[in-house]
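Below are the chains, spelled out letter by letter.
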Amino acid sequence: MSLSAKLFTKLFSFFRLGFITGLFLIPILSFGQASQRDSLNQLISQQQDDSLKVNTLLELSQNYFSIDQDSAIIKANEAIRLARKIDFKKGAGYGYKNIGLAYYYMGDYDQVLENWEKSLAIFEEIDFKSGISNIQSNIGSVYQTIGNDPTALEYFISSLQSAETIQDTTRIATALLNIGTVYSNVASTYDQALEAYDKALPMFRGLKYDDGVAMVSMNIGELYLKKDKPAAAIEYLKESLELIDESNYGHAFSLSLLGWAYSKLGDLSLAEEYYRQALSVANTTQSKLEQSKAQIGLAEVLGNRGVYRAAISNYLAGLELARETGVFYDQATAYKGLSEMYSATGEFRKALEANEEFISLKDTIRDNNYEKTLGLLRVEFDLASKEKEINLLNAENELNEVQIEKDARAKQSLYIILILFVAIMAGLVFQFFYFRKTNRRLAFERNRSERILLNILPKETAEELKENGFIKAKEFQQITVLFTDFKQFSVIAQNISADKLVKSVDYYFKAFDEITERHNLEKIKTIGDAYMCAGGLPTENSTHADDAYDAAQEILQFVKENKMSPPEGIYPFEIRIGLNSGPVVAGVVGTKKFQYDIWGSTVNIAARMESNSIPGKINVSENTYQLLKDKKAFTYRGEIEVKNKQVLKMYFADDTASIAV
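Residues numbered from 1 in each chain as written. Predicted model: local features only at pLDDT ≥ 70, side-chain atom pairs only at ≥ 80, totals over all residues. Heavy atoms only, no water.

## Description of the overall build of the protein
Right, on to step 1. Across its full length, the protein holds 25 helices and 8 strands.
Right, on to step 2. Counting only residues that meet the buried cut, the protein has 50% of its 661 residues in that class.
Right, on to step 3. Nonlocal contacts in the protein, meaning residues at least 24 apart in sequence, comprise 65% of its contacts between residues at least 6 apart.
Right, on to step 4. Entry remark: accessible area of the protein is about 31,200 Å², with carbon and sulfur atoms responsible for 51%. (Helix = DSSP H or I, 4+ residues; strand = E, 2+ residues; numbered from the N terminus. Buried < 20%, exposed > 50% of the residue type's maximum accessible area, 1.4 Å probe, protein only. Contact = heavy atoms within 4.5 Å. Areas by Shrake-Rupley, 256 points an atom, 1.4 Å probe, with all protein chains shown as cover.)

Structure representation (structure tokens):
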């Protein structure tokens, strides 16, 4: 992968007071060989003063990031001077971006922000949306690193909006991931953080971006650590570690997170080993941010092992690095640890001083308006997204009405002119045909609008939008959610042609649409190979569990029949199905299209039922089982643990459709 081909390395920051993963940067590959830099220098000496030479200087600057930041800045400045000389504004913008990256490695965040603001101004001047989104995301990451989450969230939301205007999937996924990292800093918004990660992950997988997958996995792992579930976190963290090259910025953070996980499990020896590995890698890449994390984490482990003096030494080293980088979170963590260690060694005056510094920094990081500000930003963002879609539909309706009115007036004028030259009887005849044609046109346009709207929203919801101009969220006390997905879909997708894959998925989903409609279910959405529908909404009924169960059986039978005898050009998938019943909230959301959707733990549990099913089986929750146990046959299959240590019972629906009475 060449330096110009990918823009993808993540930065991390964590421990007690917060964890951020906000920065997709130029990948720092192992180009350490002097011969490669010599080759680039030789190429530059032979090039004319044009945009190609600017790009080569930028590539050479990137080559120096992890080994010699001063040289990286020098080469970036050369690129800027040449770009200004030939009026290559985009090159100048990337030059300031590279300078900011070099200072990021050096931990000088004032210089980082100064240079990235210059880069952003240039990109905005030339309306370079992808660059604008990238720099907005990077600036947000700096503010998050130094503990200013509200400002960081503003930049991340701006980055998402910029990326959406050009449908840049990479930037959209990056912005969602960054927004999730802000939500992950407050316990009350952990669910929103996970929702953002869940949106970003399939985008990165679709782009085949291992770095992006690694970053999302690391964030999910870190979230499990915050929820005090280190065993679950380790699985994600190890997957992330495998995808991040040791020479890349972020590898040391992965090791430190694993150290934190094993420390929570009580395996202090293994925790210390991971922290020391992290420190070694950070020293190699000269990353002060990663060095401070590893030093502070190692100090905490040493303190837990009773090696107080060594712990104090590491805390002081980490504190010094954190002061250089200006990261308040790390400074506060170090002071808190020093207060505990000085108390353990009987140095109570020093302990008191360290604790006072900790309290002061904690107040600096989060004042009384911190969570209120974040909450308002989140609400404003959600409302703006929904209002955008409502306004879009209203604007389209108004345009249609204006156009129809213009057509009618034009034709009316024409008929008036014709009436002047023909007999009154002929004029009446023409007028009759005119009104009939106009009415047909109006009826046609009205029916077409109705069909489009009903393809997007349920009938009742569409009627509400037409009558009121907006749609209110609605609570349903009892519905049944049905989830399906195909076995090993990702593997299959890699081994068959794109045409066959799309044709096959379309074939199955069209059949599922017919089945759900036949059983009075509402299709909610599809995500990749996953299909979601529900019974009992938008009109409540008492047969939702039976309807969903019957639909699931018919879907299962349809898939089995096609497995036995697949049509030509159709791949014979195998399917997993999950059912759960309970309350939900339903409404309309979206940033580009209207989408009727449902939320609540009922949906999450239904998804868990599906993911814990096996191919060819319908996995049913305890809630649905209680509704159907006297009508249908089931086999108890055990329990699973979900969020908040909740344990759920699961049942397989037997092949027989019902119990004989």
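## Digging into the pairing of strand β1 (residues 474–486)
Right, on to step 1. Strand direction decides the pairing type here: β1 and strand β4 (residues 575–589), joined by 11 bridges, are antiparallel. Paired with threonine 484 across the bridge in β4 is isoleucine 577. (Pairing = 2+ DSSP bridges.)

## Regarding helix α13 (residues 268–285)
Right, on to step 1. Over its 18 residues, α13 runs 26 Å from end to end, which matches the ideal 26 Å to within 8%, given 1.5 Å per residue.
Right, on to step 2. Buried within α13 are the following residues: Leu268, Ala271, Glu272, Tyr274, Tyr275, Ala278, Leu279, Val281, Ala282 and Thr285.
Right, on to step 3. The elements touched by buried residues of α13 are α4 (89–106), α11 (230–243), α12 (251–265) and α14 (288–304).
Right, on to step 4. Just beyond α13, the residue with positive phi is glutamine 286, at close to 60°. (Expected span 1.5 Å × (residues − 1).)

## A closer look at the nonpolar core
Right, on to step 1. If you look at the biggest cluster of nonpolar residues, it comprises 110 residues, and the most contacted ones within it are Trp116, Ile139, Phe204, Val216 and Leu237.
Right, on to step 2. Look past the residues within four positions of valine 216 in its chain and what remains in contact with it is Leu177, Tyr197, Ala200, Leu201 and Phe204.
Right, on to step 3. If you look at the next biggest cluster of nonpolar residues, it comprises 35 residues, including Leu521, Leu556, Ile570 and Leu579. (Core = buried A, V, L, I, M, F, W, Y, C linked by side-chain atoms within 4.5 Å.)

## So, helix α9 (residues 190–206)
Right, on to step 1. Along its 17 residues, α9 runs 25 Å from first to last C-alpha, staying within 8% of the 24 Å computed at 1.5 Å per residue.
Right, on to step 2. Regarding α9, the residues found buried are Tyr190, Ala193, Ala196, Tyr197, Ala200, Leu201 and Phe204. Each buried residue of α9 sits inside an arc of 145° when the element is viewed along its axis, so together they form one side.
Right, on to step 3. Where the residues of α9 are buried, they touch α8 (169–183) and α10 (210–226).
Right, on to step 4. Among the residues trailing α9, lysine 208 stands out with phi positive, at a value near 55°. (Arc of directions from axis to C-beta.)

## With respect to the packing of helix α6 (residues 129–145) against helix α7 (residues 149–165)
Right, on to step 1. For the pair α6 and α7, the least separation of the axes is 8 Å and the interaxial angle reads 165°. With respect to each other, α6 and α7 are oriented roughly antiparallel. Viewed along their axes, α6 and α7 form a crossing whose handedness is left-handed. For the pair formed by α6 and α7, the contact residues are Lys129, Ile132, Ser133, Gln136, Ser137, Ile139, Gly140, Ser141, Tyr143 and Gln144 on the first element and Asp149, Thr151, Ala152, Tyr155, Phe156, Ser158, Ser159, Ser162, Ala163 and Thr165 on the second.
Right, on to step 2. Looking at the contact of α6 with α7 residue by residue, the class counts come to 7 nonpolar, 11 polar and 2 charged. (Axes fitted to C-alpha atoms, helices over the stretch in contact; angles between N-to-C directions. Parallel < 35°, antiparallel > 145°, perpendicular 65-115°, else oblique. Left-handed = near helix turned anticlockwise from the far one by under 90°. Nonpolar A, V, L, I, M, F, W, Y, C, P; charged D, E, K, R; others polar.)

## Topic: unusual backbone geometry
Right, on to step 1. Omega for the peptide link from leucine 537 to proline 538 comes to 0°, which places this bond in the cis form.
Right, on to step 2. If you trace the backbone, proline 538 turns up in the loop between β3 (530–535) and α23 (544–564).
Right, on to step 3. Even without being glycine, glutamine 286 reaches a positive phi, approximately 60°.
Right, on to step 4. Locating glutamine 286 in the fold gives a position in the loop between α13 and α14.

## Remarks on the pattern of salt bridges
Right, on to step 1. Throughout the structure, instances matching the rule amount to 26 salt bridges.
Right, on to step 2. In this structure, lysine 85 and aspartate 49 form a salt bridge, with 3.1 Å as the shortest nitrogen-oxygen distance. Placement of lysine 85 in helix α3 (residues 69–85) and of aspartate 49 in the loop between α1 (34–46) and α2 (51–63) is noted, with a sequence separation of 36 residues between them.
Right, on to step 3. With relative accessibility at 39%, the residue aspartate 49 sits in the partly exposed group.
Right, on to step 4. The residue aspartate 513 makes a salt bridge to lysine 523 at a minimum N-O spacing of 3.3 Å. Taken as a pair, aspartate 513 in helix α22 (residues 498–518) and lysine 523 in strand β2 (residues 521–527) lie far apart in primary sequence, 10 residues in all. (Salt bridge = Lys/Arg side-chain N within 4 Å of Asp/Glu carboxyl O.)

## Quick notes on the packing of aromatic side chains
Right, on to step 1. All told, the structure shown has 28 aromatic pairs when counted by the stated rule.
Right, on to step 2. Judged by centre distance (5.7 Å) and plane angle (25°), the rings of tyrosine 224 and tyrosine 236 are stacked. Of the two residues, tyrosine 224 sits in helix α10 while tyrosine 236 sits in helix α11, which places them 12 residues apart along the sequence.
Right, on to step 3. Judged by its relative accessible area of 27%, tyrosine 236 is partly exposed.
Right, on to step 4. Ring geometry for tyrosine 625 and tyrosine 651: centres 3.9 Å apart, planes at 5°, overall stacked. (Phe/Tyr/Trp six-rings, centres within 6.5 Å; stacked < 30°, edge-to-face > 60°.)

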